[in-house]
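Geometric and topological summary
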Amino acid sequence: MVVLLFYYWRNNGRTMEEQESFKERVKESVIQNAYSYKKYFVDYEYLLCSTAFVKNEYYIVSAYEDNYLHLTGLHTNLSASVFFEKCYKRTLEESDFDFCKSGQNEKEVKGSVRRKINSLPSIMDIFSVGTTVEEDFEKNRIRCALAAGNVSATLGFVVVGKAKPMTLLKGNELNTAKAKKLDLVLRRKSGDSRFNEMLIGDVTRLAEHKEALSDLLSDELVSLVTTD
């Protein structure tokens, strides 16, 4: 009894069973979110416009399967693409990943992973009304060319041509002095050449960016802003 109480105290009130089940909960979370990630990010590309953007008039977000691993905070000897495939096909095993990272102890890594998996569901509809965006996002040691934030999460992107997700933080960590709402969000299926859906914005907003976006708009969207 004394040994069990000591273990309970040393582990911040968590029982041995709860400690042992953390890895299982992580596995189930990354498996469950893989389907939503593919459906929202991999299957579509997004064009974002905002008055927060100074360096570029717009950004195109294009995510791949191998970007998913970065958002989980996990360490694995699998390639990033194989890791996602095993998550998506629900064949991921607990032995496929761990919490070992250079320069960090296991407790720190687990804390980071816990925050990330709790935030993962919140990014599956991040390009929606209420989301704010910021260029040149900085938070502690994190540097991102672009970031989007909602009440529950901040998603950072690396921009090399198109923007790709690279980091995930809990809560909205954007600089309120720089961040502004999305004015226009267009969507197209991955592989298509033109955007044909407007998720945020209206004809007025579309017309404001028509010249810069002329080669990227479908005939249907062009017709909305074309006058006789």
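For the structure itself, look to the data block above.
Attention in this report is confined to the structure presented alongside it.

What counts, and where the lines are drawn
Residues numbered from 1 in each chain as written. Predicted model: local features only at pLDDT ≥ 70, side-chain atom pairs only at ≥ 80, totals over all residues. Heavy atoms only, no water. Buried < 20%, exposed > 50% of the residue type's maximum accessible area, 1.4 Å probe, protein only. Helix = DSSP H or I, 4+ residues; strand = E, 2+ residues; numbered from the N terminus. Pairing = 2+ DSSP bridges. Salt bridge = Lys/Arg side-chain N within 4 Å of Asp/Glu carboxyl O.

**Brief notes about the pairing of strand S1 (residues 44-49)**
Burial of S1 is extensive: 6 of the 6 residues sit out of reach of the surface. Residues Tyr44, Tyr46 and Leu48 line one face of S1 and the alternating positions Glu45, Leu47 and Cys49 line the opposite face, and both faces are buried. Sheet topology places S1 next to strand S2 (residues 59-62); 4 bridges connect them, and they run antiparallel. Among the inter-strand pairings, Tyr46 is bridged to a residue of S2, identified as Val61.

**A few points about the pattern of salt bridges**
Using the criterion set out here, one finds 14 salt bridges in the structure. With its nearest N and O atoms 2.9 Å apart, the salt bridge here joins Glu45 to Lys162. With Glu45 in strand S1 and Lys162 in strand S6 (residues 162-170), the pair connects residues that are 117 residues apart, well separated along the chain. By relative accessible area, which is 5% here, Glu45 ends up buried. Put simply, Asp96 and Lys86 hold a salt bridge, and the shortest N to O gap is 2.9 Å. One end of the pair, Asp96, is in the loop between helix H4 (80-88) and helix H5 (106-119); the other, Lys86, is in helix H4, with 10 residues separating them in the sequence. In this structure, a network of salt bridges that share partners links the residues Lys27, Glu28 and Arg90.

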